[in-house]
Amino acid sequence: MSKTRVGILALQGDYAKHAQMVRQLGGDPVLVRSPVELLKCPGLIIPGGESTTMVKLLHKHELWEPLLKFGQERPVFGTCAGLILLARKLLHDYFQPLGFIDVVVQRNAYGSQIDSFIDDIKVIVLGQEKIVEGVFIRAPKIVELGKGVEILAFHKKDVVMVKQNNVMASSFHPELTNDTFIHQYFLNEIESAQTIRK
Ligand code: GLN
């Protein structure tokens with residue numbers, strides 16, 4: 001079987017760590033900086049970084065419209081700033097996000113950089129529960145959750161990972177721990193979406 005290709009939006013932020021993890025899992029990470037590169041990929045990771053900067057760069061690189069289309073059919077996984085971009089709406093309306101997941105998100109909800117933290121989170125995927133380390137860096141919070149949204153992880157009472165149809169997102173950084181199973185889950189999503197398309 002050929003290696004699963006995974007696009008990683010590489011305009012800004014910690015895309016290199018995602019690429020490393022995809023490689024570690026035997027996948028083929030492709031750094032995406034143009035519409036042509038995006039369309040070569042069966043799925044895309046949107047990394048953490050600074051969401052307002054990322055939005056500006058997405059427009060500058062003419063990726064906003066192609067991404068709107070891409071997320072209607074192919075698997076997308078956003079982490080931290082990626083979650084902010086994928087939400088339906090942001091508290092305080094900094095910008096209009098892509099709107100793939102019916103959540104309202106508050107940016108920097110835990111405070112500033114010094115309030116970043118690592119704590120146990122409970123991840124529930126494929127009917128299994130697992131406690132893993134969650135790395136939260138100037139993390140956003142999901143403050144409203146639509147009916148069609150599946151919950152994939154909790155930190156205390158907060159929902160910190162969600163999925164709606166082909167799009168998933170976490171407010172923490174799974175690429176910054178040694179645990180690969182969240183990325184493995186996303187690779188499996190890409191593989192099954194490809195099988196369905198064939
Ligand atoms: N605070 C950042 C933002 O609002 C997100 C932080 C992150 O991605 N680690 O875009």
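Everything numeric here is computed off the predicted structure, so don't read it as measured data.

(A) Examining the sheet that holds strand β8 (residues 128-136) more closely. With mixed pairing, nine strands are arranged side by side in an open sheet as β2-β1-β3-β4-β12-β11-β10-β7-β8. Whereas interior strands pair on both sides, the edge strands pair on one side only; in this sheet they are β2 (28-32) and β8. Going from strand to strand, the sheet's axes swing by 25 degrees on average, the running direction of each strand aside. When strand β1 (residues 5-9) meets strand β3 (residues 44-46), the two strands line up parallel, connected through two bridges. Across the sheet, glycine 7 pairs through a bridge with leucine 44, a residue of β3.

(B) Just the pattern of salt bridges, in detail. Applying the stated criterion to the full structure yields nine salt bridges. Residue lysine 141 pairs with aspartate 158 through a salt bridge whose shortest N-O separation is 3.4 Å. With lysine 141 in strand β9 (residues 141-145) and aspartate 158 in strand β11 (residues 158-164), this residue pair connects regions lying 17 residues apart in the sequence. For aspartate 158, a relative accessible area of 24% corresponds to the partly exposed category.

(C) Expanded view of the site of the ligand. Around the ligand, the neighbouring residues are Gly48, Gly49, Glu50, Ser51, Cys80, Ala81, Ile84, Arg107, Asn108, Ile137, Arg138 and His173. Side-chain polar atom of arginine 107 to an oxygen atom of the ligand: 2.7 Å apart, as the coordinates give it. Backbone polar atom of isoleucine 137 to a nitrogen atom of the ligand: 3.0 Å apart, as the coordinates give it. Within the complex, 96% of the 300 Å² of free accessible area of the ligand lies under protein. Here the shell around the ligand is composed, by residue class, of four nonpolar, five polar and three charged.

(D) Spotlight on the sheet that holds strand β6 (residues 101-106). Strand order in this open sheet of three strands is β5-β6-β9, and the pairing throughout is mixed. Each having just a single partner strand, β5 (87-90) and β9 make up the two edges of the open sheet. With direction set aside, neighbouring strand axes in the sheet form an average angle of 35 degrees. Two elements, β6 and β9, share four bridges in a ladder whose sense is antiparallel. Bridging across to β9, glutamine 106 finds its partner in lysine 141.

(E) Local environment of the packing of aromatic side chains. Enumeration over the complete set of coordinates arrives at five aromatic pairs. Ring centres 6.0 Å apart and planes at 55 degrees place the aromatic pair phenylalanine 136 and phenylalanine 172 in the tilted group. With phenylalanine 136 in strand β8 and phenylalanine 172 in the loop between β12 (167-170) and α6 (181-197), the pair connects residues that are 36 residues apart, well separated along the chain. The class for phenylalanine 136 is buried, based on a relative accessible area of 1%. On the basis of relative accessible area, phenylalanine 172 is assigned to the buried category, the value being 1%.

(F) Local environment of helix α1 (residues 15-24). Residues of α1 that are buried: His18, Ala19, Met21 and Val22. The arc enclosing the buried residues of α1, seen along the axis, measures out at 165 degrees, which places them on a common side. With respect to the buried face of α1, the exposed residues turned more than 90 degrees away are Arg23 and Gln24. Positive phi shows up at glycine 26, right after α1, with a value of about 85 degrees.

About the criteria used
Residues numbered from 1 in each chain as written. Predicted model: local features only at pLDDT ≥ 70, side-chain atom pairs only at ≥ 80, totals over all residues. Heavy atoms only, no water. Pairing = 2+ DSSP bridges. Helix = DSSP H or I, 4+ residues; strand = E, 2+ residues; numbered from the N terminus. Axes fitted to C-alpha atoms, helices over the stretch in contact; angles between N-to-C directions. Salt bridge = Lys/Arg side-chain N within 4 Å of Asp/Glu carboxyl O. Buried < 20%, exposed > 50% of the residue type's maximum accessible area, 1.4 Å probe, protein only. Near = heavy atom within 4 Å. Polar contact = N/O pair within 3.5 Å; in protein donor to acceptor, adjacent residues only side chain to side chain. Areas by Shrake-Rupley, 256 points an atom, 1.4 Å probe, with all protein chains shown as cover. Nonpolar A, V, L, I, M, F, W, Y, C, P; charged D, E, K, R; others polar. Phe/Tyr/Trp six-rings, centres within 6.5 Å; stacked < 30°, edge-to-face > 60°. Arc of directions from axis to C-beta.

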